[in-house]
Amino acid sequence: MPAADFPRRRGDAGMSTAEYAVGTVAAVGFATVLYGVIHSSATRSLLTGLVNRALSVTF
């Protein structure tokens, strides 16, 4: 078919509801992983050691 037979599409600006749902699920998944990493004992001890080291520096 010639290209003239197809209706022209308007700009696809924005996301559809399904894309919002997928984006929301991805964001929640990322937030869950980040929460787990931040609240792990290894991260907590790393941050505690970093703060203690920073506070013990002499000028």
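This text follows the structure it describes.
The text that follows walks through the structure, step by step, so that each part is easy to find. (Residues numbered from 1 in each chain as written. Predicted model: local features only at pLDDT ≥ 70, side-chain atom pairs only at ≥ 80, totals over all residues. Heavy atoms only, no water.)

Moving on: the overall build of the protein. Within the protein, the secondary structure is distributed over two helices and zero strands. Taken across its 59 residues, the protein has 2% of its residues classed as buried. Accessible surface, the protein: about 5800 Å² in total, of which carbon and sulfur atoms supply 67%. (Helix = DSSP H or I, 4+ residues; strand = E, 2+ residues; numbered from the N terminus. Buried < 20%, exposed > 50% of the residue type's maximum accessible area, 1.4 Å probe, protein only. Areas by Shrake-Rupley, 256 points an atom, 1.4 Å probe, with all protein chains shown as cover.)

Turning our eyes to something else, we now look at helix 2 (residues 41-55). In this model, helix 2 (15 residues) spans 21 Å end to end at C-alpha, consistent with the 21 Å of a helix rising 1.5 Å per residue. Within helix 2, only one of the 15 residues are buried, leaving the element largely exposed. (Expected span 1.5 Å × (residues − 1).)

Here we take up a nonpolar patch on the surface. On the surface, a cluster of nonpolar side chains totalling about 480 Å² of accessible area is made up of F30, V33, L34, V37 and I38. Assignment of secondary structure puts V33 in helix 1 (residues 17-38). (Patch = residues over 30% accessible without salt bridge, like charges linked within 9 Å, V, L, I, M, F, W, Y side chains within 5 Å. Salt bridge = Lys/Arg side-chain N within 4 Å of Asp/Glu carboxyl O.)

Quick look at the side chain of T43 now. One can find T43 in helix 2. Among the residues examined, T43 registers a relative accessible area of 15% and is labelled buried. The contact partners of T43, leaving out residues within four places of it in the chain, are V37 and I38. (Contact = heavy atoms within 4.5 Å.)

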